[in-house]
There are 2 protein chains.
Amino acid sequence: MKELYFGVDIGGTTVKIGCFDNEGNMLHKYEIVTRKDEGGKFIIPDIISSVKEYTISTGESEDAIKGIGVGVPGPVIEDRIVLNCVNLGWGVIDVAKEVKALLDVEVKVGNDANMAALGEMFKGGGMGADNVVMITLGTGVGGGVIIDGKILNGKNGAAGEIGHMPVAYDEPDKCTCGKKGCLEQMASATGIVKQTKRILATTDKKSVLKGKEAFTAKDVFDAAHIGDEVAVMAVERLGFYLGTALAHVACTIDPEVFVIGGGVSKAGDILTDSVEKVYKEQAFNPSKGTKITLATLGNDAGMYGAVKLVL
Amino acid sequence: MKELYFGVDIGGTTVKIGCFDNEGNMLHKYEIVTRKDEGGKFIIPDIISSVKEYTISTGESEDAIKGIGVGVPGPVIEDRIVLNCVNLGWGVIDVAKEVKALLDVEVKVGNDANMAALGEMFKGGGMGADNVVMITLGTGVGGGVIIDGKILNGKNGAAGEIGHMPVAYDEPDKCTCGKKGCLEQMASATGIVKQTKRILATTDKKSVLKGKEAFTAKDVFDAAHIGDEVAVMAVERLGFYLGTALAHVACTIDPEVFVIGGGVSKAGDILTDSVEKVYKEQAFNPSKGTKITLATLGNDAGMYGAVKLVL
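Now for a look at the structure at hand. Just so we're clear, the structure is a prediction, and the values are computed from it rather than from any experiment. (Residues numbered from 1 in each chain as written. Chains lettered and ligands numbered in written order. Predicted model: local features only at pLDDT ≥ 70, side-chain atom pairs only at ≥ 80, totals over all residues. Heavy atoms only, no water.)

1. Observations regarding the overall build of chain A
No. 1: The helix and strand inventory of chain A stands at ten helices and 13 strands.
No. 2: The C-alpha radius of gyration of chain A comes to 21 Å, within 12% of the 19 Å expected for a compact globule of 311 residues.
No. 3: Principal-axis analysis of the C-alpha atoms places the extent of chain A at approximately 65 × 45 × 35 Å.
No. 4: Counting across all 311 residues of chain A, residues that qualify as buried make up 57%.
No. 5: Considering only intrachain contacts with a sequence separation of at least 6, the fraction spanning at least 24 residues in chain A is 59%.
No. 6: As presented, chain A carries roughly 12,900 Å² of accessible surface, and 49% of it is formed by carbon and sulfur atoms.
No. 7: Of the side-chain charges in chain A, 33 are positive and 41 negative, and the distance between the mean point of each set is 5 Å. (Helix = DSSP H or I, 4+ residues; strand = E, 2+ residues; numbered from the N terminus. Rg over C-alpha atoms; globule rule 2.2 N^0.38 Å. Buried < 20%, exposed > 50% of the residue type's maximum accessible area, 1.4 Å probe, protein only. Contact = heavy atoms within 4.5 Å. Areas by Shrake-Rupley, 256 points an atom, 1.4 Å probe, with all protein chains shown as cover. Lys, Arg positive; Asp, Glu negative; His and termini not counted. Charge placed at Lys NZ, Arg CZ, Asp CG, Glu CD.)

2. Observations concerning the relation of the copies chain A and chain B
No. 1: After a rotation of 180° and a shift along the axis of 0.0 Å, chain A superposes on chain B with an RMSD of 0.1 Å. These values place the two chain copies in the arrangement generated by a two-fold rotation axis.
No. 2: A shared binding surface is used by both copies, with 100% of the interface residues of chain A retained as interface residues in chain B. (Least-squares fit on C-alpha atoms with pLDDT ≥ 70 in both.)

3. Re the interface of chain A and chain B
No. 1: Contact residues are listed per partner, giving 42 residues for chain A and 42 residues for chain B.
No. 2: Between chain A and chain B, the buried area comes to about 3,300 Å², and carbon and sulfur atoms account for 62% of it.
No. 3: Considering only the side of chain A, the residues that lose the most area to chain B are Y169, T252 and F284 of chain A, jointly responsible for 20% of the buried surface there.
No. 4: On inspection of chain A and its partner chain B, the count reaches 23 residue pairs in polar contact (both at pLDDT 80 or more).
No. 5: Contributing elements (two or more residues each) for the side of chain A that touches chain B: strand 10 (141-147), helix 8 (229-253) and helix 9 (269-282) of chain A.
No. 6: It is helix 8 of chain A that provides the largest number of residues to the side of chain A that touches chain B, a total of ten residues.
No. 7: Here the side of chain A that touches chain B is built from residues that sort into 22 nonpolar, 13 polar and seven charged. (Buried area = accessible area lost by both parts, 1.4 Å probe. Polar contact = N/O pair within 3.5 Å; in protein donor to acceptor, adjacent residues only side chain to side chain. Nonpolar A, V, L, I, M, F, W, Y, C, P; charged D, E, K, R; others polar.)

4. Here's the deal with the sheet that holds strand 6 (residues 81-82) of chain A
Strand pairing in a sheet relies on backbone hydrogen bonds, with the paired strands running either antiparallel or parallel.
Residues and elements named next belong to chain A.
No. 1: On the basis of which strands lie adjacent, the open sheet formed by three strands has the order 5-6-7 and antiparallel pairing. Looking at the sheet topology across the chains shown, the edges are occupied by strand 5 (76-77) and strand 7 (93-94).
No. 2: In the sheet, strand 6 pairs with strand 7 via two bridges, with the strands oriented antiparallel. Considered in strand 7, the bridge of V82 is made with I93. (Pairing = 2+ DSSP bridges.)

5. Observations regarding helix 10 (residues 301-308) of chain A
All names here are of chain A.
No. 1: The element helix 10 is extensively covered by neighbouring structure, given that seven of its eight residues are classed as buried.
No. 2: Taken together, the buried positions of helix 10 are occupied by A301, G302, M303, Y304, G305, A306 and V307.
No. 3: On its buried side, helix 10 packs onto strand 1 (4-10), strand 2 (14-20), strand 3 (26-33), strand 4 (65-72) and helix 4 (112-123).

6. Section: the packing of aromatic side chains
Given two aromatic rings, their pairing is described by the distance between the two centres and the angle made by the two planes.
All names here are of chain B.
No. 1: Per the stated rule, a full pass over the model turns up 14 aromatic pairs over all chains.
No. 2: Measuring from centroid to centroid gives 6.2 Å for F6 and Y54, while their planes differ by 85°, and the two rings are edge-to-face. Of this pair, F6 sits in strand 1 (residues 4-10) while Y54 sits in helix 2 (residues 43-57), placing them 48 residues apart in sequence.
No. 3: The class for F6 is buried, based on a relative accessible area of 0%.
No. 4: The exposure class of Y54 is buried, given its relative accessible area of 16%. (Phe/Tyr/Trp six-rings, centres within 6.5 Å; stacked < 30°, edge-to-face > 60°.)

7. Comments concerning the packing of helix 2 of chain B against helix 3 (residues 95-102) of chain B
All names here are of chain B.
No. 1: One can describe the packing of helix 2 onto helix 3 by two numbers: an axis separation of 10 Å at closest approach and a directional angle of 45°. The pairing of helix 2 with helix 3 is recorded here as oblique in orientation. For the pair helix 2 and helix 3, the crossing hand works out as right-handed. Between helix 2 and helix 3, the residues in contact are I44, P45, I48 and K52 and V95, E98, V99 and L102, respectively.
No. 2: Its residues placed into classes, the contact of helix 2 with helix 3 shows six nonpolar, no polar and two charged. (Axes fitted to C-alpha atoms, helices over the stretch in contact; angles between N-to-C directions. Parallel < 35°, antiparallel > 145°, perpendicular 65-115°, else oblique. Left-handed = near helix turned anticlockwise from the far one by under 90°.)

Structure follows, in C-alpha cells:
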C-alpha cells in the first residue's frame, strides 16, 4: 500500500491541494474553490471530501492517507489553532481537531507565509539549508524565518515581518500598518510603482514611464532592463532598502540563505543583483557571503511547506 | 557531599570565576590574573588549579566539582572549540579537551557576549523569558540572541551582532568594521561622545559640555539629566538609532524582552526611556509592547551564563 501525504494551502479564492509521497515528492496537485459563506464552515469539509475522493480515484483506500498539513492566511498557534482568519470568515478555530473529526490522521497547521518559507527550504531556493529567511514581495512584503529547520513564530506571532522594518526615515506617507517608512512601502509591487512615480515627478530625465497614467512594478523592471534611467534609479532605490533590511536580518540571526519570492521576484536577476550589491556593502563582514537567491516553487511553495509539517 | 559548578569568564586582564550550586545560585566569586604570555598557554591550567584549590579550601574534595562553563572573548563552535582568540594569544583551541585533561568533569564553552546574554536570561533582566535579545553598550556594541533558551550563533557566528546594523545612512566616518553608519558608531560609549561633539560643533545652543577638551558618555547623560539641551539632543539621537535597531530585531525574531547592558547602561532610565519612545513608534504593532529592560548582573553576567551551560 502506498503512503500518501497532503499539503493544503488555503487561500481566499481557491484551496491548493498537493498529494505527496513520504519523501515529499509531489505526485499530483489540483485546486478547489474556497467556499467562504456561513463563516467559512464548508472549507474544511470540502478539503477532506476532496482529499478522500482523490485518494480513492488513484485506486488507494482512505487508509493510504497518513498526514495532512494545512497552511492558512492568518496567525496560528500550537501548530493547530487559527486565530481570526478574516479572509476566510473564520474566528478562532482548532483546524487540526476539525480535520481529525472527518479523517483521523496526523494534522498540522501553519501560517501561509511561513509555509511558503518552509516549502522553499524543503524543496526550493533554500534547499539543503536549515536556517533560511524568506522574503515575499507581492502586494505587501511578507517573510518567514526558519531556524534549525523550524519556523520561528516569535512572542507575538510577528517574527519574519520584515516588511515592517522601519528603513526609510524620510518617507512622508503611512504604511497600511500605520507607521511611516516600512520596507513594504519601498519594496512591495505597489511601493515600487509609488516610489518610481515620485522619482518621475522630481526629475527632468526622459523615461518610457513618463506620462503613463498607470504602470506596474513589472513595467519598471522592464524599463530598467532596457536602460531607462529613471527605472534604473527606482530599482536601485528598491535595492538599497531591501539590501539594507537583509543586512539588519543578518546582524540579528546570520542565516545561511535569503530566498526572495512573490510576484515581484519574477523580475529575476535584475532584482537580486541590485539587492546583493547593497547587501555586500552593508552586511557585517562574516555574513557578507550569505546567498541571496530566488524562490523556485512559485505558487506551490505553500503546499510543499504544509506537507513538510507532517512528514 | 555538595555539588559545585563553576562559571568562568575569561577576559583580557582578569579571569572571573564564580562557584555555584546546582540551581545556579552564586556561592562565591573571585578573580585571577589572565597570564597571556607564551600564547596564553597558562590560562587554562591557572583556572583549573584555582578551581581545585578553592574547592578544597571549602572543605570539599575535587569530586564535588560537577561542571565548568567557560566564556571566552572570541568565536566558539560546537560548545568547545575557540577560533582565534586574539585577546588571549590563542589560535584554534579545543578548550573543553584541555580542561578535561586537567579535571574530568562536564565542560562547555561559549562566546563571552553570548554568555552575558544567557546569564541575564538565567538570573538577570531577562529572567523568566526564553526568547531574549541582549544588547551590550560599551566601548563597542555587542549582542546576544537567545531563542527557546538557547544561544543562536548563526551560520558564520555573527548572530546578535546588532552593533553592526547599518542604521545611520548619512554617517561620513568608518566603523572599526570598515562599513559606515553602524549602530556601534551611534550607541557605543565612544560613539555617543563623538556624536555629541558633532552636535556641539554645529549648534549655537549653550551647553555645559561646550569647550570641554574631553568628556565621556557618562558626562553626556549627566548633562541631559539636568536638562542641557545639547546633551538631550545627543541622547535623543542615540535613542533614535537604538530604538530603530530594536524595531528591526523585533521584525525579524519578535523576542519577549530586550535587555540592555554594558557600561553605558548605567545611565539607567534616561537611556531606556529614550530608546523605548522610539521603539514604540517604530516597532510593528504586535511587538510594540515588548519589554526593554536594563541588565541587572553587571560584570557577573558572563559567569552566570557560563555556568548555565553546564547546569
